[in-house]
Amino acid sequence: MRAAVQAVLPWLRGEADQPERPVLAAAVRLSLRTLETLAPGRSVEVRVPPFAAVQCVEGPRHTRGTPPNVVETDPRTWLELATGDLAWTDALDGARVTASGTRADLSHLLPVVRF
């Protein structure tokens, strides 16, 4: 996961063009899997379209329809959150992430990797 995310750091920091889709997808998917490992459970669904969605955080399990606790953002914002380059509150205040539900605050789980 570290290597996959490190490959996109120049783009996140404005030093390079957007990486190719497979490189970006790997960084998003692997960092989301890390979040899933850090916060096992199925009460919150974290979506980063078009690449991945995971369920995490202990609590009531959700099985059908739209989950009551959903976090959704774009790949760049997710990776900035995952690396600590963007604070959770700043992402919410800037409407870069949507979070609904009482368990959808991921601030205590971020960043999932530091460089």
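In this text, all values refer to a predicted model and were calculated from it rather than measured experimentally.

Draft legend 1. Quick look at the environment of Leu12. Along the chain, Leu12 turns up in helix H2 (residues 9-12). Sequence spacing of Leu12 and Leu109 is 97 residues, and the spatial spacing of their C-alpha atoms is 20 Å. Each residue touching Leu12, except ones within four places of it in the same chain, is listed here: Arg76, Leu79, Glu80 and Thr83.

Draft legend 2. A look at the pattern of salt bridges. In total, this model carries 5 salt bridges according to the counting rule given. A salt bridge links Glu72 to Arg47; the shortest N-O distance between them is 3.8 Å. Of this pair, Glu72 sits in strand S3 (residues 70-73) while Arg47 sits in strand S1 (residues 44-48), and the two are 25 residues apart along the sequence. For Glu72, a relative accessible area of 32% translates into the label partly exposed. Here the residues in one salt-bridge network are Glu45, Arg47 and Glu72, joined through shared partners.

Draft legend 3. Representation of the nonpolar core. Leu32, Leu35, Val46, Val71, Trp78, Leu79 and Leu106 are the most contacted members of the largest nonpolar core, which totals 34 residues. Per-element tally for this core: the top contributor is helix H3 (residues 21-38), with 6 residues. Not counting residues up to four positions away in its chain, the partners in contact with Leu79 are Val5, Val8, Trp11, Leu12, Leu24, Ala27, Val28 and Ser31.

Draft legend 4. Structural view of the packing of aromatic side chains. Applying the stated criterion to the full structure yields 0 aromatic pairs. Sitting above the plane of the Phe115 ring, Arg2 keeps its charged end 4.5 Å from the centroid. It is Arg76 that lies over the ring of Trp11; its NZ or CZ is 4.5 Å from the centre.

Draft legend 5. Structural detail: the side chain of Glu80. One can find Glu80 in helix H4 (residues 75-83). Look at Glu80 and you get buried, because its relative accessible area is 9%. Beyond its immediate chain neighbours, meaning those up to four positions away, Glu80 contacts Leu12, Asp85, Leu86 and Arg96.

Draft legend 6. Representation of unusual backbone geometry in the model. In this structure, Pro50 follows Pro49 across a cis peptide bond, with omega equal to 5°. Summarising the element assignment, Pro50 is placed in the loop between S1 and strand S2 (52-56). Phi is positive for Ala95, close to 55°, though the residue is something other than glycine. Assignment of secondary structure puts Ala95 in the loop between helix H5 (88-93) and strand S4 (97-100). With relative accessibility at 66%, the residue Ala95 sits in the exposed group.

Cut-off values and rules
Every chain's residues receive numbers from 1 upward, in the order its sequence appears when written. In view of the model being predicted, local features appear only for residues whose pLDDT reaches at least 70, and side-chain atom pairs are presented and counted only at 80 or more, with totals across whole chains, interfaces and linings using the full set of residues. With hydrogens and water excluded, all non-hydrogen atoms of the structure serve as input to the side-chain values. Numbered from the N terminus, helices here are DSSP runs of H or I no shorter than four residues, and strands are runs of E no shorter than two. Here, residues are in contact when the closest pair of their heavy atoms is within 4.5 Å. Take a side-chain nitrogen of Lys or Arg and a carboxyl oxygen of Asp or Glu: if they are within 4 Å of each other, that pair is a salt bridge. Using a 1.4 Å probe on the protein chains alone, a residue whose accessible area is under 20% of its type maximum counts as buried, one over 50% counts as exposed, and one in between counts as partly exposed. Among buried residues, those of type Ala, Val, Leu, Ile, Met, Phe, Trp, Tyr and Cys that are joined through side-chain atoms within 4.5 Å constitute a nonpolar core. In summary, the pairing rule links any two rings of Phe, Tyr or Trp, Trp by its six-membered ring, whose centres are within 6.5 Å, and it sorts them by plane angle into stacked for under 30 degrees, edge-to-face for over 60 and tilted for everything else. Remark: a charge is flagged as sitting over a ring if the NZ atom of Lys or the CZ atom of Arg is within 6 Å of the ring centre and within 35 degrees of the ring normal.

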